[in-house]
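Analysis of the macromolecular model
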Amino acid sequence: MAQKGVHLDRESLSCSICLDLLKDPVAVSCGHSFCMSCIQSYWDTEDEKKIYSCPQCRETFRPRPVLKKNTMLAGLVEEVKKSGLQAAPDGSSEAGPEDVACDFCSGRKLKAVKSCLQCLVSYCQIHLQPHFEVAPLKKHKLVEPSKKLQENICSRHDEVMKMFCRTDQKSICSLCSVDQHKGHDTVSAAAERAKRQKDLEESRENIQQRIQDREEDVKLLQQEVEAINGSADKAVDHSQEIFIQLIRLMEKRRSDVEQQVRSQQEREVSRVKELQEKLEQEITELKRKDADLQKLSLTEDHNQFLHSYPSLSEPGQPADSSRINIRPLRYFEEVTAAVSEVREKLQDLLTETWTNVSQAVTEVDVLLSEPPEPAEPEPEPKTRAGFLRYSQRITLDPNTANRNLLLSDGNRRATRTLGQLQSYPDHPDRFTRWFQVLSRESLTGRCYWEVDWSGVRVYVAVAYKTIRRDGDSWDCLFGLNDKSWRLFCSKDIYRFGHNKVFTDVSGPPSSRVGVYLDHRAGILSFYSVSETMTLLHRVQTTFTEPLHAGLWFWSYGASAEFIEMK
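Only a predicted model underlies this, so the values are computations on that prediction, with no experimental measurement involved.

With that settled, the discussion passes to the packing of helix H8 (residues 189–297) against helix H9 (residues 302–313). Relative orientation of the contacting elements H8 and H9 amounts to 165°, with a least axis distance of 10 Å. On the basis of the axis angle, H8 is roughly antiparallel to H9. When you trace H8 past H9, the crossing you get is left-handed. Between H8 and H9, the contacting residues are Lys 289, Asp 292, Leu 293, Leu 296 and Ser 297 on the first element and Gln 304, Phe 305, Ser 308, Tyr 309, Leu 312 and Ser 313 on the second.

This part takes up the pattern of salt bridges. Applying the stated criterion to the full structure yields 28 salt bridges. Put simply, Arg 214 and Asp 217 hold a salt bridge, and the shortest N to O gap is 3.0 Å. Of this pair, Arg 214 and Asp 217 both sit in helix H8, three residues apart, roughly one helical turn. You can call Asp 217 partly exposed: its relative accessible area is 32%. Within the structure, one salt-bridge network assembled from shared partners comprises Arg 393, Asp 409, Arg 412, Arg 413, Glu 561 and Glu 564.

A sheet is described by the order of its strands in space; here six strands give the open sequence S13-S22-S15-S16-S17-S18, paired in antiparallel fashion. Only two strands of the sheet have a single partner each, and these edge strands are strand S13 (436–438) and strand S18 (501–505). Neighbour to neighbour, the strand axes of the sheet diverge by 20° on average, direction disregarded.

Okay, the nonpolar core next. Counting residues in each nonpolar core, the largest one holds 49 residues, and the members touching the most others are Trp 449, Trp 485, Leu 524, Phe 526 and Leu 551. When sequence neighbours within four positions are dropped, the list of residues in contact with Trp 449 reads Gln 392, Ile 394, Leu 443, Val 462, Val 513, Gly 514, Val 515, Leu 517, Ala 549, Phe 562 and Met 565. Core analysis: the next-biggest nonpolar cluster, separate from the first, contains 32 residues, Phe 34, Cys 35, Tyr 123 and Leu 128 among them.

Its location among the elements puts Val 26 in strand S1 (residues 25–27). Considered as a pair, Val 26 and Leu 67 are 41 residues apart in the sequence and their alpha carbons are 6.4 Å apart.

This next bit is on unusual backbone geometry. For the bond running from Arg 62 to Pro 63, omega is 0°, close enough to zero to count as cis. By the secondary structure assignment, Pro 63 is in the loop between strand S4 (60–61) and helix H3 (71–82). The residue Asp 24 is not glycine, and still its phi comes out positive at about 50°. Locating Asp 24 in the fold gives a position in the loop between helix H1 (2–12) and S1. The partly exposed category is assigned to Asp 24, whose relative accessible area is 43%. Residue Leu 120 is not a glycine yet carries a positive backbone phi of 55°. Of note, Leu 120 is situated in the loop between strand S5 (114–116) and strand S6 (121–123).

This part covers the packing of aromatic side chains. Applying the stated rule across the entire model yields 16 aromatic pairs. Ring geometry for Phe 431 and Phe 478: centres 5.7 Å apart, planes at 85°, overall edge-to-face. With Phe 431 in the loop between strand S12 (413–416) and S13 and Phe 478 in the loop between strand S15 (458–464) and strand S16 (484–489), this pair connects stretches of sequence that are 47 residues apart. Accessibility classification places Phe 431 together with Phe 478 in one group, the buried group. Ring geometry for Tyr 459 versus Trp 552: centroids 4.0 Å apart, planes at 20°, classification stacked.

The rules behind these values
- Sequence order as written defines residue numbering, which begins from 1 separately in each chain.
- With the structure being a predicted model, the display of local features is reserved for residues of pLDDT at least 70 and the display and counting of side-chain atom pairs for 80 or more, all residues being used for whole-chain, interface and lining totals.
- Just so you know, side-chain values use all the structure's heavy atoms and leave hydrogens and water out.
- Between N-to-C directions, angles span 0 to 180 degrees; the directions come from axes that are lines fitted to C-alpha atoms, helices contributing only their stretch in contact.
- For helices the rule is a DSSP run of H or I covering at least 4 residues; for strands it is a run of E covering at least 2, with both sets numbered from the N terminus onward.
- For classification purposes, angles smaller than 35 degrees are called roughly parallel, those larger than 145 roughly antiparallel, those between 65 and 115 roughly perpendicular, and all remaining angles oblique.
- Whether a crossing is left-handed or right-handed is set by the direction in which the near helix is turned from the far one by less than a right angle, anticlockwise for left-handed and clockwise for right-handed.
- Contacts are assigned to residue pairs that have any heavy atoms within 4.5 Å of one another.
- We define a salt bridge as a contact between a side-chain nitrogen of Lys or Arg and a carboxyl oxygen of Asp or Glu at a distance within 4 Å.
- The buried label applies to any residue whose accessible area, calculated with a 1.4 Å probe on protein chains only, is under 20% of its type's maximum; exposed applies above 50%, and partly exposed to all values in between.
- Strands are labelled as partners when DSSP assigns at least two bridges between them.
- For the purposes of this section, nonpolar cores are sets of buried Ala, Val, Leu, Ile, Met, Phe, Trp, Tyr and Cys residues that join through side-chain atoms within 4.5 Å.
- Aromatic contacts are taken between Phe, Tyr and Trp rings whose centres are within 6.5 Å, Trp giving its six-membered ring; a plane angle under 30 degrees counts as stacked, one over 60 as edge-to-face, and the others as tilted.

Encoded structure:
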């Protein structure tokens, strides 16, 4: 406590301008004391206004007071100096480069603890004291230290801007309101602040509500992430189980084929060896008889010869030669062919259905917000070699073929027959009235194929699998509904059709048509293919389902084949 008392005495004997112990102390009539040199320097800056003020309480004097050394204060200062407590105020409160410095401190600047919006000055703790002690200063508005106090001064009139012009949306002083802002909608800065404070609170409420909404959205998205991960894990597990079952089924069928082949092999080998033993026995018997006959032929006894010959010349019981009926090079090759056919059918089935699996995966879309901007489509190839990079093997699906169409060449060719119905089984996918057929393959991504055609009229088409098949409605015909697109080909003209809208197409006649599909970009192009490729017609649309290649024959004998490209 004694140290604190001495400390207080030292502060009471310090100059509020330089913050050091008083040097040649002088007392101003308001009661505050300063170093003579400090107060003289301070008043020198006020000589132009001829009004002099106290740095602490702001009391003004006119004329400039005459100062005399206060001997009593000087003595007290000497006593303090003798006590060894002349240390300067705590240096920890000195203002750094980033701090707001006290405007009243001379020499070493202390950090300001408050700024006054009326005085437009920042004060350290020492120089702030009058604002707590002097009645007029107590009414001033103190704020946190600010380096932007001068922004509150009107650059035109050098006054504090206490008003706000709503017309020009700027702060002004009282002189501005009767000068260049005369007639404008002006209010006090406090009134505008109150209004905007209310708007600010509403904005904060909106922001806080949005924060709450977004936090709930984040929780929802986290739940969706967990749901997606759980569903994906379950799908992978179930798919793995299904594929394991398929593998087990395939393994069982492989084992069954092996067992059947080995069993049949054993039976056939047994039959052959049984016959082989009988033949070997017959050979042994015939050799013995041949030896006896040779021996008899050498005997010189005529009576003996005639006596023995009848018994030796009788033929033995031969093996049943009719049982030896070998089919060269057949053996089990047909088994291999049958298994190969199973493989091809499985490959075709997987190719046809795999698109559905892939599409089911890609159609998983949790977010219902605005879709992302579509990516720029890749440019269409310029040369046939470029198109062949996307060549697609096309085979026709017998289950879709009209019974007047004959499929051949591995189901790549279709021909319209004259009154010769094919024995296709009933199937819901079959075109019953119109002479049309679709491909087995469902087409997505980027694909290219070529069709060689002959006859009077042939239609090269693509269609959704959901196109109608039964009856003679136009909903079944390629190009006469919104589920199909077709190019009419003849020796003289081309014509494009979709949804009952037809367009005449010009281009060099050719018996080969190239079709390019970019399903994602919604591009379908038809080309005349000869030594060069000529674009006949291009469609830009949005495809909503996988497509299938199709053919439609108008005249008897017309034929078309999907080319096997390498």
